[in-house]
Amino acid sequence: MTLRALSRRALIALVALATPFFAHSASAQISVVVSASQTKSLSEREIAEIFAGASTTWPDGTKAQIIENGDAVLTQKFFAKVVKKPTALVRSQWTKLALSGQGAAPKKGADAAAVKELVKKSPGAIGYIATSDLDDSVREILKVP
Amino acid sequence: MTFRRAALVVVAFLLLPSTSHAQDALQVYGYFSTRLEKSFSVPFANGTSIDRESPPKEFAQPFFNVMMQHQFDPHFKAFVNLNGAGAGNVDVRNLWGEWSQSNAFNVRIGKIYRKFGLYNEVLDAVPTYYGIEAPEAFDGDHLLISRTTTAMVYGFTRAGTGRLSYSVSTDNGEGRDIEGTLPIGADVNYNFGRGSYTVGLSGYTSGGATNSDRTVGSGSPKSGVLPWMARDSFTVVNAYSEAKVGAFTLQGEWAQADHKSQRDAAAVVQVVNGAGINAAQRARFLIDPSGAVNTANVRLSGDHIIRTWYLRAGYSKETTRGEVGPYLQWDWYSNPETIDNKRFGGDAEAGVADDGVFNKGTAGILYRPVPQVAFKVDASVHRYKFLGRTVSYPELRFDLSYAFGL
């Protein structure tokens with residue numbers, strides 16, 4: 001076997017090994033989550049408005065705290081399906097609200113565990129994780145297929 | 001404001017959490033930015049002919065904006081926005097406290113950017129919007145109204161499939177002579193389509209006659225009244241819309257300011273003698289433009305209307321190397337009363353035109369290699385009437401900003 005053929009096989013093997021990780025995010029169902037102690041819910045439209053930066057509060061006036069998920073593929077899918085806008089535009093709108101004092105700066109959890117932790121301890125928090133990462137520490141208010 | 005006073009504001013703000021239970025509710029963030037501008041072949045009058053020169057580039061020393069926001073409890077929050085230019089000055093742009101009773105009723109007190117159109121509240125969020133220059137209504141050399149107010153009530157309610165928002169604000173008034181004025185600002189807008197579309201109206205009344213916050217010779221006013229006015233009672237009406245469709249952002253805004261004003265004869269004499277005004281401005285200010293320049297020859301009625309509009313479009317393309325955002329803008333502005341000389345309170349754009357009208361077309365590109373960093377480069381062409389001819393000149397701008405804590 002030539003060195004070139006070996007390299008090609010190694011590359012294919014690497015891609016094959018990496019695919020499940022990306023596939024997990026790309027094909028995963030997404031759950032929008034709030035604190036387990038949060039009794040109120042939001043409609044899909046209200047969730048979209050909060051993540052689009054059009055609204056900075058819950059319907060009862062509580063300030064919304066966005067928790068961003070560090071999983072880039074999951075985030076992209078979530079914004080495309082729920083907010084229906086590119087990730088960069090959504091982030092830019094969050095920054096605009098924070099710099100003008102109109103909304104809180106978003107917090108970022110590196111992974112699902114971190115997102116759940118931030119959702120639990122931040123008043124008015126709303127985040128999103130893969131549905132497979134859901135547990136009793138948070139409450140699902142919307143499932144995104 | 002000195003660094004010592006600004007530092008005091010910061011320290012006081014940072015101490016706030018220790019008086020509150022919500023220790024992690026203090027957020028500190030902001031951005032650094034620097035800007036380079038260069039105009040080429042700018043026309044100037046040489047007798048009755050037109051010559052051109054390229055003024056030196058303007059390379060702004062890096063400046064910063066630091067924002068601190070603290071949510072004390074579900075109903076009360078405070079915000080401060082400090083701006084530092086170069087190494088010498090720190091300016092408190094915003095400093096306010098807010099009490100929220102519900103979504104429909106919030107009260108904000110302090111130094112506040114008023115809700116007015118699409119840009120007034122977000123102009124300090126430079127890294128986030130398409131373009132480098134503010135829309136002409138909020139250009140620092142020819143503001144339609146002051147950007148800040150003191151007390152504002154605002155909120156929103158659900159209406160149909162969208163949200164109807166309102167705000168009403170008031171303050172001491174603009175100018176040095178504000179006795180008896182009751183200025184009112186208001187904004188109402190409807191946002192629908194999951195936050196994708198906004199249409200709105202803003203308005204302002206000076207609530208009586210006032211004058212400028214600057215005297216002749218002390219620079220451009222930070223309010224809507226020109227320095228050579230003895231009295232000016234004015235209203236501003238502004239209509240705006242925005243559509244964010246997929247990766248596109250489209251914006252349009254139109255504003256008109258109606259001024260019922262009376263000129264200060266002595267101030268006008270100063271302007272005519274010292275500011276280097278053009279023939280049209282001389283004819284506007286003096287009863288007999290070729291006569292003696294004295295207070296008896298000054299036309300006292302200074303009623304005038306300022307109009308401006310713009311269209312802006314941007315597109316966000318995400319690539320493997322970051323976000324690329326090309327944008328196009330067109331600005332139009334008309335102010336027949338202003339003059340060229342900034343030191344006398346004029347504006348080097350409208351004031352240099354024969355009729356106070358100019359157009360500005362801009363094409364540019366925004367690049368964000370990472371969300372925190374924004375490079376912007378754009379080029380404008382200014383077009384206006386000068387000495388009876390239509391002239392134009394180009395301008396290049398570059399802006400680099402880095403956001404932190406976000």
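### A closer look at the interface of chain A and chain B
Listed as interface residues are 38 residues of chain A and, on the opposing side, 44 residues of chain B. Of the roughly 3300 Å² buried at the junction of chain A and chain B (both faces included), carbon and sulfur atoms supply 49%. When the area that chain A buries against chain B is broken down by residue, the three leading residues are A:Arg45, A:Lys63 and A:Leu99, summing to 21%. For the pair chain A and chain B, the number of links is three salt bridges. Of the charged contacts, one joins A:Glu49 and B:Arg158 as a salt bridge, the two residues approaching to 2.5 Å between their closest N and O atoms. Our enumeration of links across chain A and chain B arrives at 18 residue pairs in polar contact (both at pLDDT 80 or more).

### Considering the sheet that holds strand β4 (residues 125-130) of chain A
Residue and element names in this part refer to chain A. Sheet architecture is open: five strands sit in the order β3-β2-β4-β1-β5, paired in mixed fashion. The sheet terminates laterally at β3 (107-109) and β5 (138-144), the two strands that pair on one side only. Between one strand axis and the next, the sheet turns by 30° as a mean value, whatever way the strands run. Here three bridges tie strand β2 (residues 65-69) to β3, and the two strands are oriented parallel to one another. Within β3, the position partnered with Glu68 by the bridge is Lys108. In the packing of helix α3 (residues 72-83) onto the sheet, contacts are made with β1 (30-35), β2, β4 and β5, and the angle to β4 comes to roughly 115°.

### Quick notes on helix α2 (residues 44-52) of chain A
Residue and element names in this part refer to chain A. Burial analysis of α2 places seven of its nine residues in the buried class, which makes it a mostly covered element. For α2, the set of buried residues is Glu46, Ile47, Ala48, Glu49, Ile50, Phe51 and Ala52. Directly beyond the C-terminal end of α2, a positive phi value near 85° is found at Gly53.

### Focus: the packing of aromatic side chains
Summed over all chains, the structure comprises 26 aromatic pairs over all chains. Ring plane angle 50° and centroid distance 5.9 Å describe the contact between A:Phe78 and A:Phe79, whose orientation is recorded as tilted. In this structure A:Phe78 comes out as buried when scored by relative accessible area, which is 0%. Between the aromatic rings of B:Tyr333 and B:Phe358, the centroid separation amounts to 5.7 Å while the plane-to-plane angle is 40°, which identifies the pairing as tilted. Remark: B:Phe358 occurs in strand β17 (residues 357-368) and B:Tyr333 occurs in strand β16 (residues 322-334); sequence separation between them is 25 residues. Across this residue pair, the class does not change: B:Tyr333 and B:Phe358 are buried. By way of ring pairs, the aromatic residues A:Phe51, A:Phe78, A:Phe79, A:Trp94 and A:Tyr128 are connected into one cluster.

### Re the pairing of strand β8 (residues 148-159) of chain B
All names here are of chain B. Judged from the six bridges that link them, strand β7 (residues 105-113) and β8 form a sheet pairing that is antiparallel. Bridging from a neighbouring strand, Val107 pairs with Val153 of β8. Hairpin connection, β8 to strand β9 (residues 162-170): the antiparallel pair is bridged by two residues, and Gly160 has positive phi, about 60°.

### Topic: the environment of B:Arg312
Residue and element names in this part refer to chain B. Within the secondary structure layout, Arg312 lies in strand β14 (residues 304-315). It is 6.6 Å that separates the C-alpha atoms of Arg312 and Trp330, two residues lying 18 residues apart in sequence. Aside from chain neighbours lying at most four places away, what touches Arg312 is Tyr119, Tyr130, Glu133, Ala134, Pro135, Thr249, Leu250, Gln251, Leu328, Gln329 and Asp331. At a separation of 2.9 Å, a polar atom in the side chain of Arg312 contacts the main-chain carbonyl oxygen of Glu133.

### A closer look at the nonpolar core
Formed by 64 residues in total, the largest nonpolar core has its most connected members in B:Trp228, B:Val271 and B:Phe285. The element that contributes the greatest number of residues to this core is helix α2 (residues 265-274) of chain B, accounting for six residues. For B:Val271, the residues in contact, after removing those within four places along its chain, are B:Val216, B:Trp228, B:Gly276, B:Ile277, B:Phe285, B:Ile339 and B:Phe344. Counting residues in each nonpolar core, the second largest holds 26 residues, with A:Val34, A:Ile66, A:Phe78 and A:Leu142 among its members.

### A few points about α3(A)
All names here are of chain A. In a regular helix each residue adds 1.5 Å, so 12 residues correspond to 16 Å; α3 covers 15 Å between its end C-alpha atoms and thus fits that length. Among the residues making up α3, those that are buried are Leu74, Thr75, Lys77, Phe78, Phe79, Val82 and Val83. A side-chain oxygen of the first residue of α3 lies 3.1 Å from the backbone nitrogen of Val73; this N-cap is Asp71. Taken from the residues just after α3, Lys84 is the one with a positive phi, measuring 60°.

What counts and how
- Residues numbered from 1 in each chain as written.
- Chains lettered and ligands numbered in written order.
- Predicted model: local features only at pLDDT ≥ 70, side-chain atom pairs only at ≥ 80, totals over all residues.
- Heavy atoms only, no water.
- Contact = heavy atoms within 4.5 Å.
- Buried area = accessible area lost by both parts, 1.4 Å probe.
- Salt bridge = Lys/Arg side-chain N within 4 Å of Asp/Glu carboxyl O.
- Polar contact = N/O pair within 3.5 Å; in protein donor to acceptor, adjacent residues only side chain to side chain.
- Pairing = 2+ DSSP bridges.
- Helix = DSSP H or I, 4+ residues; strand = E, 2+ residues; numbered from the N terminus.
- Axes fitted to C-alpha atoms, helices over the stretch in contact; angles between N-to-C directions.
- Buried < 20%, exposed > 50% of the residue type's maximum accessible area, 1.4 Å probe, protein only.
- Phe/Tyr/Trp six-rings, centres within 6.5 Å; stacked < 30°, edge-to-face > 60°.
- Core = buried A, V, L, I, M, F, W, Y, C linked by side-chain atoms within 4.5 Å.
- Expected span 1.5 Å × (residues − 1).

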